[in-house]
Amino acid sequence: MADGASSDAFVEFERVQKSYDGETLVVKDLNLSMPKGEFLTMLGPSGSGKTTCLMMLAGFETATHGDIRLDGTSINNIPPHKRGIGMVFQNYALFPHMTVAENLAFPLEVRGLGKSEREEKVQRALDMVQMGAFGGRRPAQLSGGQQQRIALARALVFEPELVLMDEPLGALDKQLREHMQFEITRLAHELGITTVYVTHDQTEALTMSDRVAVFDDGRIQQLAPPDVLYERPENSFVAQFIGENNTLEGVIKEIRGETCIVQLDDGEIIDANPVNVTEPGERTKVSIRPERVEYNMDRLQEGAHTLKAEVLEFVYMGDIFRTRLRVAGNEDFVIKTRNAPDQVRLKPGQQIEIGWLPQDCRALDA
Amino acid sequence: MAHAETDAQGRILAADGTPLKQSLQRALRAQKMRALLLIAPLLLFVVITFVMPIGDMLLRSVQNKAGTHYVPDLIPNVAEQIEDWDPASGELPPEEVFRAMVVDLQVAFDEKNHTQLGRRFNYESPGMDSLFRTSGRRVSGLDLETDGPFREALIDINDDWGDLEYWATIKANSGYYTNSFFLAAVDMERDSTGIAQKDPDQRIYRKLLVRTLWLSAVITFCTLLLGYPVAWLLADLPARKANLLLILVLLPFWTSLLVRTSSWKILLQQEGVINDFWVWLGFVERLSLINNQLGVVIAMTHILLPFMILPLYSVMKTIPPSYLRAAKSLGATNWTAFWRVYFPQTTAGIGAGGLLVFILAVGYFITPELVGGADGTFISNRIYFQFSAIGNWGLAAALGTIMLVVVLVLYYVYDRLVGIDNVKLG
Ligand SMILES: Nc1ncnc2c1ncn2[C@@H]1O[C@H](COP(=O)(O)OP(=O)(O)OP(=O)(O)O)[C@@H](O)[C@H]1O
Ligand SMILES: [Mg+2]
């Protein structure tokens, strides 16, 4: 679970709680520790408390309980303007009455920098986001993507060590979003900035981050690098929230070290990898990624377990085939196969056998 | 890509061969006609209730009328004969003019118009009202054939017919149109030697105009000072509380203006609540808070406050809190964030509220009438006095026209400085 305090941590949340109304906790016991230079993403469903965490870090909300530390010093009592944290807002919050260059010069001006130094830094920041020629425009005269770049440049121009971004790409179309994802990560790594990034979009979280914190219900459900998160989810919320996932419900029959035996609800017995189940008799959700399911028996490895399945639907998606099956009573069991030259295209109604490796099949909490 | 057909002049042609612009206009014309028909009743209403009265006022300010008739229609012969006479010569008009006056007065007396004439000339030269009123009957008794010469006859009836200034007034106001109302409205007059300033103790309108504009500006500033924080609070509160507060802001609209102004009288008067409290605090001298300019500013600031708050509020509500947060995250203190980021974005509301309050204040009537006393009255009080008590519609109209022009000029200047497109009324 969440890391405890460590000496090289740059940003630290320690046992932080937050309540707006004194009745419900929006953030419950948040523990998080980030080393310098890390790109960390907070990912979670709407209302899970991501923005609240960001706002506490930025100083616009105060933690009801607990301690937030920046570079070893507690910032609970430092006002926002003294924290020196760059921030990119979802609606960009570019000042409409100022030109792009004035927007960028603003943080430098309030820091008392001289005019020539200001101009030089503004130009450098504009060039950095490839907007060098747009200094004289008003924000309203820019496209969404351009505004986004300016917002980014403004958050970086005063060289903060920590930058917070709250769904900065939410308003952009897919292509632009993918491009900006790349730009942001490139800049963050080039400048060595520590970044906390908030998003709804799991692809964004997986592709951009060093580590992802999956939020739900005011808690971090799992904090791990993207590959670990995807391949080894620690509970059924994370398994279902990240990527596509097939779930089969059943009861633990036996746990033997690295494997356990699960009896599914329709009576089938399968092997699985026990993750957060502890004792026989417990209910469990068994999770298998669609691309780890194999129906070509020749390709299935030795010791793989098989189940009967009926094809319900076949969707051709170009690079992959997406096939929906009925497996052990579950009609939403999906498998994905690569569009390889020798790949068999299944037909609805077909009866097949499917299988997977026991370690890909994770028995999680119900 | 297919190219559109073009004609010899390079205009793009529609499918049927007519120029595209033309066929587009034809297509739009029917649409426009229908739209016009829809708004026709409203347009008519606006024309009747708004454009016509203002047009009428503008006309009246220059029309030389006595009652419902033009002056030259009532004294046609005098108007014709007096043209050649020069008042600067220092001599009374020739006999023909006196004779013409007798002819015209006899007709006017028969039609009972001579008193109207007298009143009209009296606006310019006091005393002419009674001159015409008293002369009417006796002039009608004169025989045109036998009672000449009429210069002596008229002076015999009333000495004042021998007054050169009176004849100068008649000459100056014998046309269909006159600028004498406008002259009067800026404290000028025309005597036998030309146009001159009135005596200092008779000058009132320019002073009133300046006072009206100045007090209106002060009131506008006060409403801004008081309204800005209130609007900010409204915009910042959660919707439910904001609505409740908004009702409180609008509450004054539910009570009569007269009641509100009267209650200020009760609060502010010598023996009023505030003065009683003042004395209770241990002060000896009672404050004079009413029947002066201070009273007008206090009462009108209160009355016009909602007109400042509402536009401000509607502008502030559209400013997301993230701007202030962004400013602070960029290192601005609370004050800098407000002054550099929030305030500039509210100028549209300040402009709208300021313009609204100022224009309303300039034309305000009841409140200065009730609490203004001698030195707190506005020009509108004088306008009302002119047409209700004196019946001088021409002067009232001229004053009204001047106010209209002043407001339009201010509006124009404002547009130049701020840009009227930047004004947001809601
Ligand atoms: N100012 C506030 N006052 C009261 N409750 C609030 C306030 N801001 C947020 N909340 C509540 O706190 C909870 C968490 O909100 P938060 O904005 O942190 O969610 P989020 O994870 O950022 O969601 P989203 O992905 O939709 O932005 C929500 O239930 C929300 O209703
Ligand atoms: Mg949020």
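These numbers were taken from a predicted model, which means no experiment stands behind them.

(A) Up close: the site of ligand 1. All names here are of chain A. Taken together, the neighbourhood of ligand 1 is formed by Tyr-20, Val-26, Pro-45, Ser-46, Gly-47, Ser-48, Gly-49, Lys-50, Thr-51, Thr-52, Glu-167 and His-200. At 2.4 Å from an oxygen atom of ligand 1 is found a side-chain nitrogen or oxygen belonging to Ser-46. Within the side chain of Lys-50, an N or O atom sits 2.7 Å from an oxygen atom of ligand 1. Its free accessible area being 630 Å², ligand 1 has 58% of it covered by the protein chains. Split by residue class, the shell around ligand 1 holds 3 nonpolar, 7 polar and 2 charged.

(B) Up close: the domain arrangement of chain A. Residue and element names in this part refer to chain A. The assigned domain composition of chain A is domain 1 (9-236) and domain 2 (244-365). Summarising the inter-unit geometry, the C-alpha centres of domain 1 and domain 2 are found 39 Å apart. Contact with domain 1, which involves 8 residues of that partner, is made by 9 residues of domain 2. Its largest share of buried area at the contact with domain 2, domain 1 owes to Tyr-230, Pro-233 and Ser-236, together 62% of the area lost on that side. Counting across the interface, domain 1 meets domain 2 through 0 salt bridges. In terms of residue class, the side of domain 1 that touches domain 2 is built from 3 nonpolar, 2 polar and 3 charged.

(C) Summary view of the layout of surface pockets. Residues and elements named next belong to chain B. Counted as a void, the largest pocket has a volume near 790 Å³. Lining the largest pocket are 35 residues, and of these Tyr-123, Glu-124, Ser-125, Glu-189 and Lys-198 sit closest to its centre. Mapped by element, the contributors of at least two residues to the lining of the largest pocket are helix 5 (114-124), helix 8 (164-172), helix 9 (180-185), strand 3 (188-191) and helix 18 (379-390). Element by element, the count of residues in the lining of the largest pocket is highest for helix 8, at 5 residues. Here the residues of the lining of the largest pocket sort into 15 nonpolar, 9 polar and 11 charged.

(D) Local environment of the interface of chain A and chain B. Contacts between the two partners involve 22 residues from chain A, matched on the other side by 17 residues from chain B. Interface area for chain A against chain B, summed over the two sides, is near 1,800 Å², with a carbon-plus-sulfur share of 66%. When the buried surface of chain A facing chain B is broken down by residue, Phe-60, His-81 and Phe-106 of chain A rank first, second and third, together holding 30% of it. Our enumeration of links across chain A and chain B arrives at 2 salt bridges. With a shortest N-O distance of 3.0 Å, Glu-109 of chain A and Arg-340 of chain B are connected by a salt bridge. Summed over the shared surface of chain A and chain B, the result is 4 residue pairs in polar contact (both at pLDDT 80 or more). Take the side of chain A that touches chain B: its biggest share by element is 4 residues, from helix 2 (residues 100-110) of chain A. Broken down by class, the residue content of the side of chain A that touches chain B amounts to 15 nonpolar, 3 polar and 4 charged.

About the criteria used
- Residues numbered from 1 in each chain as written.
- Chains lettered and ligands numbered in written order.
- Predicted model: local features only at pLDDT ≥ 70, side-chain atom pairs only at ≥ 80, totals over all residues.
- Heavy atoms only, no water.
- Near = heavy atom within 4 Å.
- Polar contact = N/O pair within 3.5 Å; in protein donor to acceptor, adjacent residues only side chain to side chain.
- Areas by Shrake-Rupley, 256 points an atom, 1.4 Å probe, with all protein chains shown as cover.
- Nonpolar A, V, L, I, M, F, W, Y, C, P; charged D, E, K, R; others polar.
- Domains from an automatic or database assignment.
- Contact = heavy atoms within 4.5 Å.
- Buried area = accessible area lost by both parts, 1.4 Å probe.
- Salt bridge = Lys/Arg side-chain N within 4 Å of Asp/Glu carboxyl O.
- 1 Å grid on protein atoms, 1.4 Å probe; cavity = no way out; pocket = protein on both sides within 12 Å on 5 of 7 lines; lining within 4 Å.
- Points joined across faces, edges and corners; volume = space filled by probe spheres on them.
- Helix = DSSP H or I, 4+ residues; strand = E, 2+ residues; numbered from the N terminus.

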